[in-house]
Amino acid sequence: MSAIQLYENNLRRALKSKRPIIHIETYDYDWEYKTINKILAQNAILGKYSANHINFNDRYRWTPNLHYQMDNGKTSPLVVPAGGNEIVELLDNFIGLDSPSLLVVFDIAYFLDGETEPGIDACAIRSSIISRLFSFYSEQDRPDKSIDDRSVIILLCPKFGIPPEL
């Protein structure tokens, strides 16, 4: 088995088990994003009655430059204004969704490392993001919550030390 196949199998397993937060350290966002979509496309071919089925009603992505996008072209319930609190508001809105969804966040390390726009309180943003991620994890990982009803956030970052709070 090649290193790429092993990686894809590990990612497929993490998605199938609906780990609430998946962190991928990478510089190649395009390849990672294509790999995630490839796994989900293969899953769609298997069908919902397959033992390997991964269920997400909606898929979203967020980047610091392109901001918010929805993968299937629907009108987004997560649209937020651009700016320093954009990622915090996006997380708030995503956490509030009722249906199992996937959010892929590109380069959140920028905010967690305290590098924000001038005039924005970097400590407050960092603290808010960590708080939202912790709440999201706790909500999704409840023992009484079915795996089929869980959502997942994937964090793609070139460098990212997991904050001690998480």
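Up top is the structure.
The rules behind the values
- Residues numbered from 1 in each chain as written.
- Predicted model: local features only at pLDDT ≥ 70, side-chain atom pairs only at ≥ 80, totals over all residues.
- Heavy atoms only, no water.
- Core = buried A, V, L, I, M, F, W, Y, C linked by side-chain atoms within 4.5 Å.
- Buried < 20%, exposed > 50% of the residue type's maximum accessible area, 1.4 Å probe, protein only.
- Helix = DSSP H or I, 4+ residues; strand = E, 2+ residues; numbered from the N terminus.
- Contact = heavy atoms within 4.5 Å.
- Expected span 1.5 Å × (residues − 1).
- Salt bridge = Lys/Arg side-chain N within 4 Å of Asp/Glu carboxyl O.
- Axes fitted to C-alpha atoms, helices over the stretch in contact; angles between N-to-C directions.
- Parallel < 35°, antiparallel > 145°, perpendicular 65-115°, else oblique.
- Left-handed = near helix turned anticlockwise from the far one by under 90°.
- Pairing = 2+ DSSP bridges.
- Phe/Tyr/Trp six-rings, centres within 6.5 Å; stacked < 30°, edge-to-face > 60°.

### Observations concerning the nonpolar core
Core analysis: the biggest nonpolar cluster contains 21 residues, and Ile87, Leu91, Leu103, Val105, Ile108, Ile129 and Ile153 have the highest contact counts within it. If you list the elements that add at least two residues to this core, you get strand S2 (58–63), helix H3 (86–95), strand S4 (101–106), helix H4 (109–112), helix H5 (122–140) and strand S5 (152–157). Contacts of Ile87, omitting those with residues within four sequence positions, involve Trp62, Val105, Ile108, Phe111 and Ile129. Listed in part, the 17 residues of the second largest apolar core include Ile39, Val104, Phe106 and Ile154.

### Comments concerning H5
For H5, which comprises 19 residues, the first-to-last C-alpha distance of 27 Å matches the rise-based estimate of 27 Å (1.5 Å per residue) to within 8%. Within H5, burial applies to Ala122, Ile125, Ser128, Ile129, Ile130, Leu133, Phe136 and Gln140. Elements that come into contact with the buried residues of H5 comprise strand S1 (21–25), H3, H4 and S5.

### Some points on the pattern of salt bridges
A side chain with one charge may pair with a side chain of the opposite charge, provided their charged atoms come close. In the structure shown here, the tally under the stated rule is seven salt bridges. Between Glu139 and Lys145 there is a salt bridge whose closest N-O contact spans 3.6 Å. The exposure class assigned to Lys145 is buried, which follows from its relative accessible area of 16%. In this structure, a network of salt bridges that share partners links the residues Glu139, Arg142, Asp144 and Lys145.

### Some details on the packing of H3 against H5
Taken N-terminus to C-terminus, the directions of H3 and H5 make an angle of 15°; their axes are 9 Å apart at the nearest point. Overall, the two elements H3 and H5 adopt an arrangement that is roughly parallel. Between H3 and H5 lies a crossing whose hand is left-handed. For the pair H3 and H5, contact is made by Ile87, Val88, Leu91, Asp92, Phe94 and Ile95 and by Ile125, Ser128, Ile129, Arg132, Leu133 and Phe136, respectively.

### Structural notes on the pairing of S5
With six of six residues buried, S5 lies mostly within the body of the structure. Here S5 shows two buried faces, one formed by Val152, Ile154 and Leu156 and the other by Ile153, Leu155 and Cys157. As paired elements, S1 and S5 share five bridges and run parallel to each other. Residue pairing in the sheet places Glu25 in a bridge with Cys157 of S5. For S4 and S5, the ladder comprises five bridges, and the chain directions are parallel. When the sheet's bridge partners are listed, Leu103 is paired in S5 with Ile153.

### Description of the packing of aromatic side chains
Under the criterion given, the structure shown has five aromatic pairs. Ring geometry for Tyr7 against Trp31: centres 5.7 Å apart, planes inclined by 35°, an arrangement best described as tilted. Residue Tyr7 is located in helix H1 (residues 3–16), and its partner Trp31 is located in helix H2 (residues 29–46); the two are separated by 24 residues in the primary sequence. A relative accessible area of 23% means that Tyr7 is categorised as partly exposed. Taking 5.4 Å as the distance between ring centres and 75° as the angle between the ring planes, the aromatic pair formed by Tyr29 and Phe106 counts as edge-to-face. On the criterion of sequence distance, the pair formed by Tyr29 in helix H2 and Phe106 in strand S4 is long-range, its members being 77 residues apart.

### Thoughts on the environment of Cys157
Relative to the assigned elements, Cys157 resides in strand S5. Overall, Cys157 belongs to the buried group, its relative accessible area being 0%. What Cys157 contacts, discounting residues up to four positions off in sequence, is Ile24, Glu25, Thr26, Tyr29, Asp107, Ile108 and Ala109.

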